[in-house]
Amino acid sequence: APMHQDYSLNLDIIKTYGEFLKSNKVTGAFVNGSTGDFVSLSTNERKQLIETWSKNKTEDFFLTNHVGHNNLREAQELAAHSENLSDAICALPPSYFKPKTLDSLVFYCSEIAKCAPSIPFYYYHIPVLTGADFPMIDFMEMAIKRIPNFGGIKYSQYNPSDFTKCLDYDKGSKSILFGVDEKLVTSLPLGATGWVGSTYNHLAPLYYEIISSYHDGNIEKANDLQEKAQGFLPLT
């Protein structure tokens with residue numbers, strides 16, 4: 001989320017920022033996510049961000065808005081607001097009163113997804129931060145049956161076995177987006193074809209070179225470039 005020095009939103013820069021992303025061959029923006037500091041923003045600020053992105057987007061640029069919230073009603077409001085502004089919505093689970101069962105998680109997601117029925121709903125899986133750690137293949141089996149507009153998962157955990165099962169489930173009908181920047185090179189032999197991360201915005205050329213080097217058979221170069229990318233990742 002672009003901000004001024006006083007921490008107010010800098011909405012005027014979004015048009016230029018979007019043009020910068022496209023010049024780096026980034027194919028979309030994930031708005032109001034972790035890197036967008038959504039948890040520190042008000043509902044109104046989150047609405048302003050997606051409204052401004054939508055106003056400045058082009059047809060060939062995919063816009064996903066994260067609408068997850070600890071308050072289900074706030075999440076539903078954000079989802080309904082997004083329907084005519086973004087190409088998809090995505091939601092993290094509640095992280096204070098965490099869902100204790102897979103059924104409760106799918107219920108939470110379905111209640112949000114039905115508020116924007118005309119666009120795909122993605123689940124945002126990042127258990128290291130949310131504490132909601134269920135096998136995503138089990139989640140998919142339930143979500144496909146109970147969420148008509150279920151589009152896939154932003155998969156921000158390194159779990160190769162589960163990730164691959166999700167990729168292949170239902171003949172690969174859903175988008176499983178790999179979300180661990182520091183492990184991108186390891187997602188390639190698993191079959192990943194889409195990525196959402198914290199550093200792709202300003203390092204897209206480097207990551208594209210990792211991908212092309214791997215597919216050209218130059219695994220050593222791909223690994224070396226991945227190691228170089230590590231220096232730009234935030235310390236945890």
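Preceding this section is the structure that the text describes.
S.K.: What is the right way to read the side chain of Ser-156 from this model?
M.R.: Here Ser-156 lies in the loop between β5 (150-155) and α7 (160-168). By relative accessible area, which is 9% here, Ser-156 ends up buried. In this structure the side chain of Ser-156 is engaged in a polar contact, spanning 3.3 Å, whose partner is the backbone oxygen of Gly-179. Here Ser-156 is in contact with Tyr-124, His-125, Ile-126, Pro-127, Gly-179 and Val-180, once residues within four sequence places are set aside.

S.K.: I'm lost on the environment of Gly-33 in this one. Help?
M.R.: By the secondary structure assignment, Gly-33 is in the loop between β1 (28-31) and α2 (43-56). Under the relative-accessibility criterion, Gly-33 is labelled buried at 3%. For the pair Gly-33 and Gly-197, spaced 164 residues apart in sequence, the C-alpha separation works out to 9.7 Å. Dropping the residues within four chain positions of it, Gly-33 is found in contact with Phe-38 and His-66.

S.K.: What is the right way to look at the pairing of β5 in this model?
M.R.: Successive side chains on a regular strand alternate, one facing one side of the sheet and the next facing the other. Most of β5 is tucked away, with six of its six residues classed as buried. Relative to β5, strand β4 (residues 121-125) runs parallel, the two being bridged by five bridges. Bridge pairing links His-125 to Tyr-155 in β5. Bridge count for β5 against strand β6 (residues 175-178) is four bridges, and the pairing is parallel. Bridge assignment links Ile-153 to a residue of β6, and that residue is Ile-176. With α7 bridging β5 and its parallel neighbour β6, the resulting β-α-β unit is right-handed.

S.K.: Please explain the pairing of strand β3 (residues 88-91) as it appears in this structure.
M.R.: Every second residue of β3 is oriented toward a common face, with Ala-88 and Cys-90 on one face and Ile-89 and Ala-91 on the other, all of them buried. The pairing of strand β2 (residues 62-66) with β3 spans three bridges and is classified as parallel. Within the sheet, the bridge partner assigned to Thr-64 lies in β3 and is Ala-88. In the classification by handedness, the crossover that spans β2, the intervening helix α3 (residues 72-82) and the parallel β3 is right-handed. Judged from the three bridges that link them, β3 and β4 form a sheet pairing that is parallel. Note that in β4 the partner of Cys-90 across the bridge is Tyr-122.

S.K.: Where do I start with the nonpolar core in this structure?
M.R.: General note: in soluble globular proteins, nonpolar side chains tend to be found buried as a group. With 35 residues, the main nonpolar core has Ile-112, Phe-121, Phe-139 and Ile-153 as its most contacted residues. Every element with two or more residues in this core is listed here: α3, β3, α4 (102-113), β4, α6 (136-146), β5, α7 and β6. Ranked by residue count, the leading element in this core is α4, at seven residues. Not counting the four nearest positions on each side in its chain, Ile-112 is found in contact with Val-67, Leu-72, Ala-75, Gln-76, Ala-79, Ile-89, Ala-91 and Phe-121.

Calculation criteria
Residues numbered from 1 in each chain as written. Predicted model: local features only at pLDDT ≥ 70, side-chain atom pairs only at ≥ 80, totals over all residues. Heavy atoms only, no water. Helix = DSSP H or I, 4+ residues; strand = E, 2+ residues; numbered from the N terminus. Buried < 20%, exposed > 50% of the residue type's maximum accessible area, 1.4 Å probe, protein only. Polar contact = N/O pair within 3.5 Å; in protein donor to acceptor, adjacent residues only side chain to side chain. Contact = heavy atoms within 4.5 Å. Pairing = 2+ DSSP bridges. Right-handed = clockwise from strand over helix to strand, strands pointing away. Core = buried A, V, L, I, M, F, W, Y, C linked by side-chain atoms within 4.5 Å.

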